[in-house]
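Each chain, written out:
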Amino acid sequence: MQFVSQYNVFTNNLHLNFGVVPVAADGLLTNIVYKLNDRLFPPEDYINDGIDLETKTLNIIEISEMRVRDIKRRLSREHGYGADELSRMLDKKELINTLSYEEHKVYQQEIDKRKWRRIKSAIIYTCAAVLVVMFWPLLSHAIEVAKVNFVVYTDKRRHELSRCREYSSIKGYFGMFLLFIIDGLSTWLSVSVLLSWVMKSKYFFPVPNIPIKPAQLLAGGVGGDAGALGQYGINVGPMIISGLFRFLNNRVEGMIGNAMSKAFQMQRKNARKEERAREKEERRRMKKEAKLRMREEEERARQEAEVRARVMEQNATAAASNFSDDSDLGSGNNAPSPFDDLD
């Protein structure tokens, strides 16, 4: 529990009750994972923590070319030798051997550290490969579900964008931009919460630390001490932030719906106005065409009447001329004949 107490002291000193901390700062599973890591991979106590993997060590040739003052300075600064220990080394060969031994020890520690890290990496990669093989059906199903959810999300957003483009709603475009931001923040928060159970990172979503510790609540009710379990609790900060994101998402979707409804009503109203204008123009055109047809029919009737009158006049003239001809022929038949006396 030393690691847990040190971590809690550090957290309490660094942040207040509502300070910004990693998502699972008080997570029980996080401490268990780190303790299991310490058990599987023991601390490198036999290796000095101050040694870097890129530490430059000196060989025997480089040490032999150094002056006595430089050798003593390196022994005192790099390897922690005191003035009394250095004063007892009178011969340069002894100083060279001592510095060479210390440099060789540092080099061996660096090599051991590199080997140990490679072994740990190999073990972690092997465990990861075994877990992937064992849980591959579950992982494949989760991947398929994620693909389906992604397709549904993209289709939904694409449809909403098409409606915004169809209705030409600037407010709808702005709401879609806000939805994309909220969805991105929600995804960041969800990934941070999932990964915070097994790891820590500075790239996690910053949430307020609002721990709820059931052990302390129960112990406080009966007047006892919660003990070690009182250090663990549930951070409800991610729950509050996710609830806030859902609230904002619903409000933004409602705003987009209202904007789409108003745009649809406005578009429908404009369409009705345009339809009425077209109908009015069509009626005006039909009236004009009807007037033109009436004028044409009147003109045609007048022309037909004129033609009919002309024909009747011609017929009357022809009848009159025929009657006069018949009269002339009748008067010629009633004249006395020279053969009348023979009767």
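What you see is a predicted model; the values in this text were computed from it and never measured.

**Comments concerning the overall build of the protein chain**
Okay, so step 1: A count of helical and extended segments in the protein chain gives 10 helices and 4 strands.
Okay, so step 2: Reading the secondary structure of the protein chain in the N-to-C direction produces α-β-α-α-α-α-α-α-α-β-β-α-β-α.
Okay, so step 3: Residues counted as buried form 21% of the 343 residues belonging to the protein chain.
Okay, so step 4: Summarising the internal contacts of the protein chain: among those between residues at least 6 apart in sequence, 72% fall at separations of at least 24.
Okay, so step 5: Surface summary for the protein chain: the accessible area is close to 25,700 Å², and the carbon and sulfur share equals 60%.

**Brief notes about the side chain of Glu-160**
Okay, so step 1: In this structure, Glu-160 sits in helix 7 (residues 136-167).
Okay, so step 2: In terms of polar contacts, Glu-160 uses its side chain to reach the side chain of Arg-157, at 3.1 Å.
Okay, so step 3: If sequence neighbours within four positions are ignored, Glu-160 has contacts with Met-176 and Leu-179.

**What to know about a nonpolar patch on the surface**
Okay, so step 1: A surface patch of nonpolar side chains, amounting to about 850 Å² of accessible area, comprises Val-130, Leu-131, Val-132, Met-134, Phe-135, Trp-136, Leu-138, Leu-139 and Ile-143.
Okay, so step 2: Among the elements of the structure, helix 6 (92-134) and helix 7 are those that each provide at least two residues to the nonpolar patch.
Okay, so step 3: Counting through the fold element by element, Leu-139 comes out in helix 7.
Okay, so step 4: Overall, the relative accessible area of 34% leaves Leu-139 in the partly exposed class.

**Looking at the nonpolar core**
Okay, so step 1: Within the largest apolar cluster, 14 residues are counted, with the highest numbers of intra-cluster contacts made by Leu-189, Phe-205, Ile-241, Phe-245 and Ile-256.
Okay, so step 2: Elements represented by at least two residues in this core include exactly helix 7, helix 8 (170-195) and helix 10 (237-333).
Okay, so step 3: Looking at this core, the element that brings in the most residues is helix 10, giving 6 residues.
Okay, so step 4: Counting residues in hydrophobic clusters, the runner-up holds 10 residues, among them Ile-63, Tyr-81, Met-89 and Ile-96.

**A word on the packing of helix 6 against helix 7**
Okay, so step 1: Following both chains from N to C, one finds helix 6 and helix 7 inclined at 70 degrees, their axes separated by 5 Å at the closest point. It follows from the interaxial angle that helix 6 and helix 7 lie roughly perpendicular. Contacts from Val-132, Val-133 and Met-134 of helix 6 reach helix 7 at Trp-136, Pro-137 and Leu-139.
Okay, so step 2: Here the residues of the contact of helix 6 with helix 7 are counted per class, giving 6 nonpolar, no polar and no charged.

**A closer look at helix 7**
Okay, so step 1: Counted at 1.5 Å a residue, the expected span for helix 7 with its 32 residues is 46 Å, and the 46 Å between its end C-alpha atoms agrees.
Okay, so step 2: What helix 7 keeps buried is the set Thr-154, Arg-157, Glu-160, Cys-164 and Tyr-167.
Okay, so step 3: Looking at the residues trailing helix 7, positive phi occurs at Ser-168, about 55 degrees.

**Notes on the packing of helix 4 (residues 68-78) against helix 6**
Okay, so step 1: Where helix 4 contacts helix 6, the axes come no closer than 10 Å and their chain directions differ by 35 degrees. The interaxial crossing formed by helix 4 with helix 6 has left-handed handedness. In contact with Val-68, Ile-71, Lys-72, Arg-74 and Leu-75 of helix 4, helix 6 contributes Lys-92, Leu-95, Ile-96, Thr-98, Leu-99, Glu-102 and Glu-103.

**Considering the confidence of the model for the protein chain**
Okay, so step 1: Averaged over the protein chain, the pLDDT score is 76; the fraction of residues at 70 or greater is 73%.
Okay, so step 2: Considering only residues more than four positions removed or in separate chains, one finds that residues 44-53, a stretch of pLDDT under 50, has 21 contacts.

**Concerning the pattern of salt bridges**
Okay, so step 1: Per the stated rule, a full pass over the model turns up 15 salt bridges.
Okay, so step 2: Where Glu-160 meets Arg-157, a salt bridge forms, and the shortest distance between an N and an O atom there is 3.1 Å. Taken together, the residues Glu-160 and Arg-157, both in helix 7 and 3 residues apart, mark about one turn of the helix. Exposure class is identical for Glu-160 and Arg-157. Each is buried.
Okay, so step 3: A salt bridge links Arg-284 to Glu-281; the nearest nitrogen and oxygen atoms lie 2.7 Å apart. Placement of the pair is Arg-284 and Glu-281 together in helix 10, with a separation of 3 residues, close to one helical turn.

**Re the side chain of Glu-110**
Okay, so step 1: Counting through the fold element by element, Glu-110 comes out in helix 6.
Okay, so step 2: Among the polar contacts listed, one links the side chain of Glu-110 to the side chain of Arg-114, at a separation of 2.8 Å.

**Focus: a positive patch on the surface**
Okay, so step 1: A cluster of basic side chains, namely Lys-280, Arg-283, Lys-287, Lys-288, Lys-291 and Arg-295, defines a positive patch on the protein surface.
Okay, so step 2: Checked against the element boundaries, Lys-288 lands in helix 10.
Okay, so step 3: Residue Lys-288 is classed as exposed on the basis of its relative accessible area of 53%.

**Focus: the packing of aromatic side chains**
Okay, so step 1: According to the stated counting rule, one finds 3 aromatic pairs in the structure shown.
Okay, so step 2: Between Tyr-167 and Phe-264 the ring centres are 5.9 Å apart and the planes differ by 65 degrees, which places this aromatic pair in the edge-to-face class. Within this pair, whereas Tyr-167 is found in helix 7, its partner Phe-264 is found in helix 10, the two being separated by 97 residues in sequence.
Okay, so step 3: Its relative accessible area of 38% is what places Phe-264 among the partly exposed residues.
Okay, so step 4: Both rings, one in Trp-188 and one in Phe-205, keep their centres 5.0 Å apart while their planes meet at 80 degrees; by these two values the pair is edge-to-face. Taken together, the residues Trp-188 in helix 8 and Phe-205 in the loop between helix 8 and strand 2 (207-208) connect sequence positions 17 residues apart.
Okay, so step 5: Trp-188 sits in the partly exposed class, given a relative accessible area of 37%.

Cut-offs and rules
- Residues numbered from 1 in each chain as written.
- Predicted model: local features only at pLDDT ≥ 70, side-chain atom pairs only at ≥ 80, totals over all residues.
- Heavy atoms only, no water.
- Helix = DSSP H or I, 4+ residues; strand = E, 2+ residues; numbered from the N terminus.
- Buried < 20%, exposed > 50% of the residue type's maximum accessible area, 1.4 Å probe, protein only.
- Contact = heavy atoms within 4.5 Å.
- Areas by Shrake-Rupley, 256 points an atom, 1.4 Å probe, with all protein chains shown as cover.
- Polar contact = N/O pair within 3.5 Å; in protein donor to acceptor, adjacent residues only side chain to side chain.
- Patch = residues over 30% accessible without salt bridge, like charges linked within 9 Å, V, L, I, M, F, W, Y side chains within 5 Å.
- Salt bridge = Lys/Arg side-chain N within 4 Å of Asp/Glu carboxyl O.
- Core = buried A, V, L, I, M, F, W, Y, C linked by side-chain atoms within 4.5 Å.
- Axes fitted to C-alpha atoms, helices over the stretch in contact; angles between N-to-C directions.
- Parallel < 35°, antiparallel > 145°, perpendicular 65-115°, else oblique.
- Nonpolar A, V, L, I, M, F, W, Y, C, P; charged D, E, K, R; others polar.
- Expected span 1.5 Å × (residues − 1).
- Left-handed = near helix turned anticlockwise from the far one by under 90°.
- pLDDT = per-residue confidence, 0-100.
- Lys, Arg positive; Asp, Glu negative; His and termini not counted.
- Charge placed at Lys NZ, Arg CZ, Asp CG, Glu CD.
- Phe/Tyr/Trp six-rings, centres within 6.5 Å; stacked < 30°, edge-to-face > 60°.

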